[in-house]
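Tertiary structure, described
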Amino acid sequence: MSDLFSQTEDELKRTFDANFFQKAKFIPSARKTVAIFCALKDFLYQYPLESRRENQPFTLESLAARLEEQIKRSLCFLCKEKADCARCEQHAKDLTREFILALPDIQRLLISDVNAAYEGDPAAISPVEPLLCYPGVTAVTLQRMAHFLHERGVRLIPRIVTEYAHNLTGIDIHPGASIGPGFFIDHGTGVVIGETCVIGANVKLYQGVTLGAKSFPLDEHGNPVKGIKRHPNIEDDVIIYAETTVLGNITIGRGSVIGANKWITQDVPPHSKIN
């Protein structure tokens, strides 16, 4: 058995460089990160942000302190300088403060999503039902918080959060995707939204919709080119029905309705209906 573990260690050393092992202790905790963001989700929906009830299981201050530690770990692990540097520590403090101050704006976006789910689903008896029960609301809630950090250069933590949401709901939204207010994913299972998607206001998707990329362009060494716009732009008031696939850096024009089981790889003009 000991031989097995020594073989595994040798394989790891061939896969990762020495710098990885020097900084491995700074890898963020997926378990702690998920717990923080689940608590933030509950906090956003169940309590006013200014409240300080004695029976709260957590406060914004305690969540901020826990989040700051995980952000610091992420920054230190990926930092090109020496690990655990003062610069990463200060940057983590600044990012955490910025995130906490942004929560009221994130909360307003999330309320627009809950209202869109309630108004867009005749089966919902009140806004509380999608809030408590709909996987789309859960996935979008976690993605909106993760997106804020992703936009500010935090890595690992946003992916931990959105992959947890993916595992929980069956909805895969990259933290890099930019999503406008009033977003509703109905049913939701199998939805995939790529990193460079830009989604406007009041967009509705059904289950199985993919907003993805075509095959990736390669560099001179045969590696995929990163950092380019490769996913669709979905303008305001678009509805895309179940199992439709939209690929590439194309635009679905405002007010369009795309029927089920379609394959879209070219721009769609505004107010189009594709049956």
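See the structure shown above.
Attention here is on the structure that accompanies the text. None of these values were measured; they are calculated from a predicted model. (Residues numbered from 1 in each chain as written. Predicted model: local features only at pLDDT ≥ 70, side-chain atom pairs only at ≥ 80, totals over all residues. Heavy atoms only, no water.)

As for the overall build of the chain
When helices and strands are tallied, the chain shows 8 helices and 14 strands. When burial is assessed residue by residue, the chain has 46% of its 275 residues classed as buried. Taking contacts inside the chain between residues at least 6 apart in sequence as the whole, the part at least 24 apart equals 46%. In the form shown here, the chain has an accessible surface area of approximately 14,500 Å², with 53% of it arising from carbon and sulfur atoms. (Helix = DSSP H or I, 4+ residues; strand = E, 2+ residues; numbered from the N terminus. Buried < 20%, exposed > 50% of the residue type's maximum accessible area, 1.4 Å probe, protein only. Contact = heavy atoms within 4.5 Å. Areas by Shrake-Rupley, 256 points an atom, 1.4 Å probe, with all protein chains shown as cover.)

A few points about the nonpolar core
Counting residues in each nonpolar core, the largest one holds 36 residues, and the members touching the most others are Phe37, Leu40, Ile71, Phe99, Leu103, Met145 and Leu149. Only helix H3 (30-46), helix H4 (60-78), helix H5 (86-120), helix H7 (135-151) and helix H8 (157-169) provide two or more residues apiece to this core. Top contributing element to this core by residue count: H5, with 9 residues. The contacts of Phe37, once residues within four sequence positions are left out, are Leu67, Phe99, Leu142, Met145, Leu149, Ile157 and Val161. Of all hydrophobic cores here, the second largest spans 25 residues; its members include Ala139, Ala177, Leu205 and Ile252. (Core = buried A, V, L, I, M, F, W, Y, C linked by side-chain atoms within 4.5 Å.)

Overview of the environment of Phe184
Following the sequence through the fold, Phe184 ends up in strand E3 (residues 184-185). Judged by its relative accessible area of 4%, Phe184 is buried.

As for the packing of aromatic side chains
A complete count under the given rule lists 3 aromatic pairs for this structure. In this structure an aromatic cluster arises from ring pairing among Phe37, Phe99 and Phe148. (Phe/Tyr/Trp six-rings, centres within 6.5 Å; stacked < 30°, edge-to-face > 60°.)

Some details on the sheet that holds strand E8 (residues 233-234)
Judged by pairing direction, the sheet is parallel, and its 4 strands sit side by side in the order E2-E5-E8-E11 without closing on themselves. Each end of this open sheet is capped by a strand with a single partner; those strands are strand E2 (178-179) and strand E11 (251-252). (Pairing = 2+ DSSP bridges.)

Some points on H8
With 13 residues, H8 should reach 18 Å at 1.5 Å per residue; the first-to-last C-alpha distance of 18 Å fits that figure. Burial in H8 covers these residues: Ile157, Pro158, Ile160, Val161, Thr162, Ala165 and Thr169. Contact partners of the buried residues in H8: H3, H4, H7 and strand E1 (172-173). Once H8 finishes, Gly170 follows within two positions and takes phi at roughly 80°, a positive value. (Expected span 1.5 Å × (residues − 1).)

Examining the pattern of salt bridges
A complete count under the given rule lists 9 salt bridges for this structure. Note that Arg159 is salt-bridged to Glu163, the shortest N-O span being 3.2 Å. Note that Arg159 and Glu163 are positioned in helix H8 at a spacing of 4 residues, about one turn of the helix. Residue classification places Arg159 among the partly exposed positions, given a relative accessible area of 39%. The partly exposed category is assigned to Glu163, whose relative accessible area is 30%. Bridged by salt links that share partners, the residues Asp236, Asp237 and Arg254 form one connected network. (Salt bridge = Lys/Arg side-chain N within 4 Å of Asp/Glu carboxyl O.)

As for the packing of H3 against H4
Axis separation between H3 and H4 bottoms out at 10 Å; the angle between their running directions is 150°. When the axes of H3 and H4 are compared, the pair comes out roughly antiparallel. At the point where H3 passes H4, the crossing takes the left-handed sense. Here Lys32, Thr33, Ala35, Ile36, Phe37, Ala39, Leu40 and Phe43 of H3 come into contact with H4, specifically with Leu60, Leu63, Arg66, Leu67 and Gln70. Of the residues that constitute the contact of H3 with H4, the class distribution is 9 nonpolar, 2 polar and 2 charged. (Axes fitted to C-alpha atoms, helices over the stretch in contact; angles between N-to-C directions. Parallel < 35°, antiparallel > 145°, perpendicular 65-115°, else oblique. Left-handed = near helix turned anticlockwise from the far one by under 90°. Nonpolar A, V, L, I, M, F, W, Y, C, P; charged D, E, K, R; others polar.)

Topic: the packing of H4 against H5
The geometry of H4 relative to H5 is characterised by a closest axis approach of 8 Å and an angle of 135° between their N-to-C directions. What the angle tells us is that H4 and H5 run oblique. For the element pair H4 and H5, the recorded crossing hand is right-handed. Residue-level inspection shows Leu60, Ala64, Leu67, Glu68, Ile71, Lys72, Leu75 and Cys76 of H4 in contact with H5, the latter providing Cys88, Glu89, His91, Ala92, Lys93, Leu95, Thr96, Phe99, Ile100 and Leu103. Among the residues making up the contact of H4 with H5, the classes are represented as 12 nonpolar, 2 polar and 4 charged.

Thoughts on the side chain of Asp186
For Asp186, the position within the fold is in the loop between E3 and strand E4 (192-193). It turns out Asp186 is buried and unbridged, and the closest side chain with the opposite charge, Lys204, is 4.2 Å from it. Residues in contact with Asp186, not counting those within four places in the same chain, are Asp121, Lys204, Leu205, Tyr206 and Gln207. (Lys, Arg positive; Asp, Glu negative; His and termini not counted.)

Read these as layout, nothing more, since geometry by itself doesn't imply function.
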